[in-house]
Number of protein chains: 2
Amino acid sequence: MVELRVGLLGLGTIGTGVARILIEQKELISRRLGKRVTLVAAADRDLTRDRGLDFTGVRLCDDANAIVTADDIDLVVELIGGYEPARTFVAAALASGKHVVTANKALIAKHGEELFPLAAEKGLQIGFEAAVGGGIPCMKALREGLAANAIDSVYGILNGTCNFILTKMENEGANYADVLKEAQALGYAEADPTFDVEGIDTAQKLSILAAMAFGSKIRFEEVFTEGISRITAADIQAAHEMGYRIKLLGIAKPHGANGQVDAVEMRVHPTLVSLSSQMAQVSDSYNAVQISGDFVEHTMYFGRGAGERPTASAVVADIMDITSGFPGGITHLAPPMGFVESSRREMPTMPMADALCEYYIRLMVQDQPGVIAAVTSILADHRISLEALIQKERHASHNVPIVMLTHETTEGNMQAAISRITALDAVQEDALILRKESAVV
Amino acid sequence: MVELRVGLLGLGTIGTGVARILIEQKELISRRLGKRVTLVAAADRDLTRDRGLDFTGVRLCDDANAIVTADDIDLVVELIGGYEPARTFVAAALASGKHVVTANKALIAKHGEELFPLAAEKGLQIGFEAAVGGGIPCMKALREGLAANAIDSVYGILNGTCNFILTKMENEGANYADVLKEAQALGYAEADPTFDVEGIDTAQKLSILAAMAFGSKIRFEEVFTEGISRITAADIQAAHEMGYRIKLLGIAKPHGANGQVDAVEMRVHPTLVSLSSQMAQVSDSYNAVQISGDFVEHTMYFGRGAGERPTASAVVADIMDITSGFPGGITHLAPPMGFVESSRREMPTMPMADALCEYYIRLMVQDQPGVIAAVTSILADHRISLEALIQKERHASHNVPIVMLTHETTEGNMQAAISRITALDAVQEDALILRKESAVV
């Protein structure tokens, strides 16, 4: 029986999950593939901790280098996380002729464009299903399942921490700061939550999805990114009254003519989606990705975006894919980014000012005559028309919150209008603008 | 550049869609794969109809035999539908060394077990993504994306016609017969709708999903099957009041001990799912499949279950998969049913009487003292406890509808109780029993 030999870097949460599957589901995996997957070695700095697993026959060591250069390993699983030394180890594994599987979205988002050509030259595969959407096989769906399509759009709830916080804020009418504290206590949010709540994690994942969708290069640093930290319980309530729910979405769309993609729109921000949509129903720490194509129309993929077992499920799916094509490598597998390396193109990121959006605007204004007239006449100057306007009850401060929904306009035009509006004497605080997406199913 | 040459049987709706993708997306497909897919020939009895496509360079003929035996074809796409002559052509194509892709769920459900070994012997692939869930890449998700998991359950809305009818009945408070007529006028339902509305189409698809999930053989004829034709607007309304929506679901679960599957539970019936679930949100002709595994937990896949373009998207995805592994065939691809042919096992279908369900019971009873006591005491005799009971307003006939939700019991026990209940003099019509699923996300 053909055997693929695996070396594992990192025996933390996910690494332990991967080892668990490879050990406990060994027979299932062989029945499925007709080939054998064997965990040969694993490296971690801490080998004393009891992981509740029988590692008999597995070489445990504290030196990752011993794994990436070993003669008896065909595939290296990188679960160290972060940029370095993960990048060095992955490059070394490829250099020594080993396939690579990783759950490291930061690595792929930042260094993927340096690693993919290394792999392609050697006929090796890089699998990173676990890097986006956790256990959901959404990379495979996009890369293979929808391969016959030119992709029209991608919308994703890609960060479980943000979705957990937004769900809890809505269910309990609680404020952001309180829910964040609770999420931290539960281990759903980091002590420094910036990476999650400011949308950076979502932007990394979105940049990978976009490049895979459009055959472009990954441009993580160019993703327009806003987080959820300015959203209040009152915003969630106001959106709900108007028929919407607020979700942190990653959004990618191609722009061009005649089927040619000339520029890629990529943005991450809190987004109003219709209460009756599938996306609005995605609660707690669940993730979901909507992918629409010119033939398939709308599709959606839903599941756990993180966690030991779901993430390990995605890592092992990649290992099994490579085992299916083994020996033989990339010649018999769909290319890692869904397009052969030589046909992937540098494409400019569309400036955010050109993005067409509908908007939710929340203002705090003085309770005096003429204020609403002044605000709406500025919007009219900019040819921005209103879909709805709600004036809420007056605060103790005698200030009045106003919430507006607008029809479509460009981001540049909206920002110009908002600068003028916030310059009005009667406007008391910075405006909050959120965006709305009608195309979410 | 490696080239895979395709021959197409049937230029109806889906066949035209497949030809359209292969012709119009030719460049996109090559950019993705680094290999070429060429439509070489197509057969249809009617070659005069204008299909709005430029078939230059494609050999059109009215003889399917000329395609299945041609020397210059590597893969045959069967889009004739039905059992015969589809089966004969597919067997002949495999015999002459050609890969096969089909959208024909009837063929796979009934004759798959005869065709898979033929393909395996020759190292050939049979692709049938389009047979279940239309454009949704759910076969690929189950077979490859979740391959590291022992599958715990599959729940699917697999028939767009039924989902369209149920959605319209709910939205308009309309009756089944009226909505069916409308669906027929719109072309969403056949003149003879039995195949769709009585759940047979769903059962075919479910039998394929179950065998792929558990490594068992396809046993379509053993699926317990009930359709939607007895459901009334009042049932939909009553379910809604209790927090549920009625969907026609295909349900498959494994039974056994120590990770060994000893029997497979397969049933198709109208099912109450929580209004707040993802599944309840799947409306109109959309399909969705929830697949849960021991590592990945719950996942769901959503999209168009039928139609020229979505179905063609799935067919071409299969063609592209085979092209990835070409030349080389099955050795480099996941096996068609997710387990190598030699490890797939005959497994008995669990008798429906053993299925554990929660129930919705609707009775029409005479408006007289003691009737509810008689009904509920029979349920108590059978140790069936109630979650809810609603007595609705009296009809003009002086009869009263009663709706009950029960906690879990076996189907056999429920059927015994229902026989006694319907034998009561005061019970005016046959009872309707529906089943409820709490595990739907």
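Residues numbered from 1 in each chain as written. Chains lettered and ligands numbered in written order. Predicted model: local features only at pLDDT ≥ 70, side-chain atom pairs only at ≥ 80, totals over all residues. Heavy atoms only, no water.

For the rest of this paragraph, the subject is the packing of helix α7 (residues 160-172) of chain B against helix α11 (residues 233-241) of chain B. All names here are of chain B. Contact geometry for α7 and α11: axes closest at 9 Å, N-to-C directions at 75°. By the angle class used here, α7 and α11 are roughly perpendicular. Across the interface between the two elements, Leu166, Met169 and Glu170 of α7 pack against Ala233, Ile236 and His240 of α11. Here the contact of α7 with α11 is composed, by residue class, of four nonpolar, one polar and one charged. (Axes fitted to C-alpha atoms, helices over the stretch in contact; angles between N-to-C directions. Helix = DSSP H or I, 4+ residues; strand = E, 2+ residues; numbered from the N terminus. Parallel < 35°, antiparallel > 145°, perpendicular 65-115°, else oblique. Contact = heavy atoms within 4.5 Å. Nonpolar A, V, L, I, M, F, W, Y, C, P; charged D, E, K, R; others polar.)

Residues and elements named next belong to chain A. Within helix α11 (residues 233-241), the full set of buried residues consists of Ala233, Asp235, Ile236, Ala238 and Ala239. Against the buried residues of α11 lie α7 (160-172), β9 (244-255), β10 (263-274), β13 (356-366), β15 (399-406) and β17 (432-436). Phi for Gly243, located one or two positions after α11, is positive at around 95°. (Buried < 20%, exposed > 50% of the residue type's maximum accessible area, 1.4 Å probe, protein only.)

So, about the packing of aromatic side chains. Each aromatic ring pair is summarised here by two numbers: the centre-to-centre distance and the angle between the ring planes. Inspection of every chain in the model, using the stated rule, returns seven aromatic pairs over all chains. Aromatic pair Phe116 of chain B and Phe128 of chain B: ring centres 5.8 Å apart, planes at 45°, arrangement tilted. Placement of Phe116 of chain B in helix α5 (residues 105-122) and of Phe128 of chain B in the loop between β6 (126-127) and α6 (138-145) is noted, with a sequence separation of twelve residues between them. Centre to centre, the rings of Phe164 of chain B and Tyr188 of chain B are 4.4 Å apart; their planes meet at 45°, and the pair counts as tilted. With Phe164 of chain B in helix α7 and Tyr188 of chain B in the loop between α8 (176-185) and α9 (194-197), this residue pair connects regions lying 24 residues apart in the sequence. Between Arg309 of chain A and the ring centre of Phe295 of chain B, over which it is positioned, the NZ or CZ distance is 3.9 Å. (Phe/Tyr/Trp six-rings, centres within 6.5 Å; stacked < 30°, edge-to-face > 60°. Lys NZ or Arg CZ within 6 Å of the ring centre and 35° of its normal.)

What follows covers unusual backbone geometry. Here the amide bond leading from Glu84 of chain B into Pro85 of chain B is cis, since omega sits at 5°, within 30 degrees of zero. Assignment of secondary structure puts Pro85 of chain B in the loop between β4 (75-78) and α4 (86-95). The omega torsion across Phe326 of chain B and Pro327 of chain B is -10°, close enough to zero to call that bond cis. Relative to the helices and strands, Pro327 of chain B is located in the loop between α12 (308-324) and β13 (356-366). Not every positive phi belongs to a glycine, and Asp284 of chain A is a case in point at roughly 55°. Following the sequence through the fold, Asp284 of chain A ends up in the loop between β10 and β11 (286-293). In this structure, Arg383 of chain B takes a positive phi of about 60° despite not being glycine. Considering the arrangement of structural elements, one finds Arg383 of chain B in the loop between α13 (371-381) and β14 (386-391).

On to the UniProt feature "binding site: NADPH" (unreviewed entry) in chain A. Residue and element names in this part refer to chain A. Look at the UniProt record and you will see "binding site: NADPH" (unreviewed entry) annotated at Lys105. Positionally, Lys105 belongs in helix α5 (residues 105-122). A relative accessible area of 22% means that Lys105 is categorised as partly exposed. Those residues within four positions of Lys105 in sequence are excluded, and the remaining contacts are Ala131, Phe195, Asp201, Gln204, Lys205 and Ile208. (UniProt positions renumbered as here; feature names shortened; annotations may be inferred.)

For the rest of this paragraph, the subject is the interface of chain A and chain B. At the interface, 68 residues of chain A touch 68 residues of chain B. For the pairing of chain A and chain B, the buried interface totals around 5,500 Å² over both sides, and the portion due to carbon and sulfur atoms is 51%. Taken as a group, Arg31, Arg32 and Phe295 of chain A account for 17% of the area that chain A buries against chain B, more than any other trio of residues on that side. Summed over the shared surface of chain A and chain B, the result is five salt bridges. Inspection of the chain A/chain B interface yields 30 residue pairs in polar contact (both at pLDDT 80 or more). Of all elements in the fold, only α1 (13-24), α2 (26-33), α6 (138-145), α10 (200-214), β12 (297-304) and α12 (308-324) of chain A reach the threshold of two or more residues within the side of chain A that touches chain B. The class makeup of the residues in the side of chain A that touches chain B is 32 nonpolar, 22 polar and 14 charged. Here β12 of chain A runs beside strand β12 (residues 297-304) of chain B; their pairing, made up of five bridges, is antiparallel. (Buried area = accessible area lost by both parts, 1.4 Å probe. Salt bridge = Lys/Arg side-chain N within 4 Å of Asp/Glu carboxyl O. Polar contact = N/O pair within 3.5 Å; in protein donor to acceptor, adjacent residues only side chain to side chain. Pairing = 2+ DSSP bridges.)

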